[in-house]
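Descriptive analysis of the structure
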Amino acid sequence: KAKQLGRNGFALFSSDLREQAEQRILLLKDMRQALCANQFVMYFQPIVTMQTMEITKAEALIRWQHPTKGIVSPAEFIPLAEETQLIHQLGEIAFTQAVDVLKQTQHFKNKLQLSINVSPVQFSAKHTTLLAWQGQLAKHQLTPDMLVLEITEGLMMQGEGRSQKRLTKLIQQGFAIALDDFGTGYSSLAYLKQMDTEFIKIDKRFVDGIEHNEEDLVLCETMILMAHQLGLKVIAEGIETATQHELLKQAGCDFGQGYFYSKPLPVEMFIDHLNTRNKQA
Ligand code: C2E
Ligand code: MG
Ligand code: MG
Ligand code: MG
């Protein structure tokens, strides 16, 4: 009897695995087609200066406009894209569409700084397109300081030196760096100074609790204090309520991002939103 159970258990297990593998292959095939059909687009989420509520930055976030599934979230395809090197093409889409928006917004009185998420894989590959970005910006009379590269702590922790050298190179070229999802990974605080980052982004997981949980508020206040003492600026993400905004503003947080200000918007809506705001100012 035990043997039979075991066999059944094993059969179940292996068919699960097979199903998973099949799903990955389907997703991969679907992604390759989507790249050809230009189904990946960037949405832009405003980031405000806390003190004035002015939109001074925005984060570019990728979306898959799937013909039958509708909008697919990056959580569902970024991991597979990273495993299969398709992330390089997605990274180029993010860069190219961000550059397009920069071109359309540089006439504003307050020039907009845009951030894009860059995967550790984009830094570690043999051939990388990252190092051509400065030149591509120059062709449009744009400079690297108009872009913030959002990286995760994982990148700085990688033993391999190549990624870090490339990051250093990008910083030398003038790109601004933000440490994304700060406090959620295996952070080594020493890397903060070593790598000359300009911003830390406090993760939504901390922001969520600050209204009701004293500990979360203390953590946010402490991160802000520490960042400022190291000469870094702070962006808090996932702000959804006026109270969260007020508490973080009081704590000295520099920039805020979240549904309280705006959801990520398709590019035309984002530009319209900026234009309306600009006229009011
Ligand atoms: P992230 O970089 O930490 O981006 C912030 C996420 O929080 C975004 O989710 C954004 O839509 C969401 N968010 C912002 N404000 C709020 C809020 O007030 N409430 C709630 N519930 N959510 C809020 P999204 O767009 O689904 O992206 C998820 C993650 O996928 C990103 O986390 C980033 O790690 C990754 N990602 C997105 N776009 C790209 C990309 O172009 N390249 C790479 N490599 N990764 C990307
Ligand atoms: Mg980000
Ligand atoms: Mg983040
Ligand atoms: Mg996050």
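Our structure is the block above this text.
In what follows, the accompanying structure is described. Just so it is clear, the model here is predicted, and its values are computed rather than measured. (Residues numbered from 1 in each chain as written. Chains lettered and ligands numbered in written order. Predicted model: local features only at pLDDT ≥ 70, side-chain atom pairs only at ≥ 80, totals over all residues. Heavy atoms only, no water.)

Re helix 11 (residues 242–250)
Those residues of helix 11 that sit buried are Gln244, His245 and Leu248. Mapping the buried residues of helix 11 onto a view down its axis gives an arc of 100°, with all of them on the same face. Summarising the contacts, the buried residues of helix 11 are in contact with helix 9 (204–207), helix 10 (214–229) and strand 8 (233–236). Looking one or two places after helix 11, you find Gly252, whose phi comes out positive at around 90°. (Buried < 20%, exposed > 50% of the residue type's maximum accessible area, 1.4 Å probe, protein only. Helix = DSSP H or I, 4+ residues; strand = E, 2+ residues; numbered from the N terminus. Arc of directions from axis to C-beta. Contact = heavy atoms within 4.5 Å.)

With respect to the coordination of the magnesium ion (ligand 3)
Angles between donor atoms at a metal ideally measure 109.5 degrees for a four-coordinate tetrahedral arrangement and either 90 or 180 degrees for a six-coordinate octahedral one. Protein coordination at the magnesium ion (ligand 3) comes from Asp180 (OD), Asp181 (OD), Glu237 (OE) and Glu237 (OE), with a distance range of 2.0 to 2.8 Å. For the magnesium ion (ligand 3), all donor residues lie on one chain, and their spacing in sequence is D-D-x55-E. A separation of 3.6 Å is found between the magnesium ion (ligand 3) and the magnesium ion (ligand 2), which are bridged by Asp180. Taken together, the residues Asp180 in strand 6 (residues 176–182) and Glu237 in the loop between strand 8 and helix 11 connect sequence positions 57 residues apart. Glu237 shares its class with Asp180; the two are buried. (Donors = N, O, S within 2.8 Å, 3.2 Å for Na, K, Ca; no water.)

Looking at helix 7 (residues 161–173)
Counted at 1.5 Å a residue, the expected span for helix 7 with its 13 residues is 18 Å, and the 18 Å between its end C-alpha atoms agrees. Among the residues of helix 7, Ser163, Gln164, Arg166, Leu167, Leu170, Ile171 and Gln173 are the ones counted as buried. Looking one or two residues past helix 7, Gly174 carries a phi angle of roughly 110°, positive in sign. (Expected span 1.5 Å × (residues − 1).)

Remarks on the nonpolar core
Residues Met31, Phe40, Leu90, Leu114, Ile116, Leu147 and Leu248 are the most contacted members of the largest nonpolar core, which totals 75 residues. With nine residues, helix 3 (residues 87–105) is the largest single contributor of residues to this core. Every residue in contact with Leu114, bar those within four places of it in the chain, is listed here: Phe44, Ala58, Ala98, Val101, Leu102, Met146, Leu147 and Val148. Grouped together as the second largest cluster of nonpolar side chains are seven residues, Ile47, Val148, Ala178 and Phe199 included. (Core = buried A, V, L, I, M, F, W, Y, C linked by side-chain atoms within 4.5 Å.)

Some remarks on the site of ligand 1
Surrounding ligand 1, one finds 22 residues, the nearest of these being Arg63, Asn117, Asp180, Glu240 and Tyr259. In the model, an oxygen atom of ligand 1 is placed 3.1 Å from a nitrogen or oxygen of the Asp181 side chain. A distance of 2.8 Å separates an oxygen atom of ligand 1 from a polar backbone atom of Tyr259. Taking 800 Å² as the accessible area of ligand 1 by itself, protein coverage stands at 81%. Per element, the largest residue contribution to the shell around ligand 1 is four residues, and it comes from strand 2 (residues 55–66). Here the residues of the shell around ligand 1 are counted per class, giving nine nonpolar, five polar and eight charged. (Near = heavy atom within 4 Å. Polar contact = N/O pair within 3.5 Å; in protein donor to acceptor, adjacent residues only side chain to side chain. Areas by Shrake-Rupley, 256 points an atom, 1.4 Å probe, with all protein chains shown as cover. Nonpolar A, V, L, I, M, F, W, Y, C, P; charged D, E, K, R; others polar.)

Some points on the coordination of the magnesium ion (ligand 2)
With distances of 2.0 to 2.2 Å, the protein atoms coordinating the magnesium ion (ligand 2) are Glu59 (OE), Asn117 (OD1), Glu150 (OE) and Asp180 (OD). If you list the donors of the magnesium ion (ligand 2) from N- to C-terminus, the spacing comes out as E-x57-N-x32-E-x29-D. Overall, the relative accessible area of 32% leaves Asn117 in the partly exposed class. The exposure class assigned to Asp180 is buried, which follows from its relative accessible area of 8%.

Some thoughts on the packing of aromatic side chains
A full pass over the atoms with the stated rule returns seven aromatic pairs. Ring geometry for Phe40 and Trp64: centres 5.2 Å apart, planes at 40°, overall tilted. With Phe40 in strand 1 (residues 40–49) and Trp64 in strand 2, this pair connects stretches of sequence that are 24 residues apart. Given the relative accessible area of 3%, Phe40 is considered buried. With centroids separated by 4.5 Å and ring planes inclined at 5°, the aromatic side chains of Phe95 and Trp133 adopt a geometry described as stacked. Here the residue Phe95 occupies a position in helix 3, and Trp133 occupies one in helix 5 (residues 133–139), the gap between them amounting to 38 residues. Trp133 matches Phe95 in its accessibility class, with the two residues each being buried. Of the aromatic side chains, those joined through ring pairs into one cluster are Phe40, Trp64 and Phe77. (Phe/Tyr/Trp six-rings, centres within 6.5 Å; stacked < 30°, edge-to-face > 60°.)

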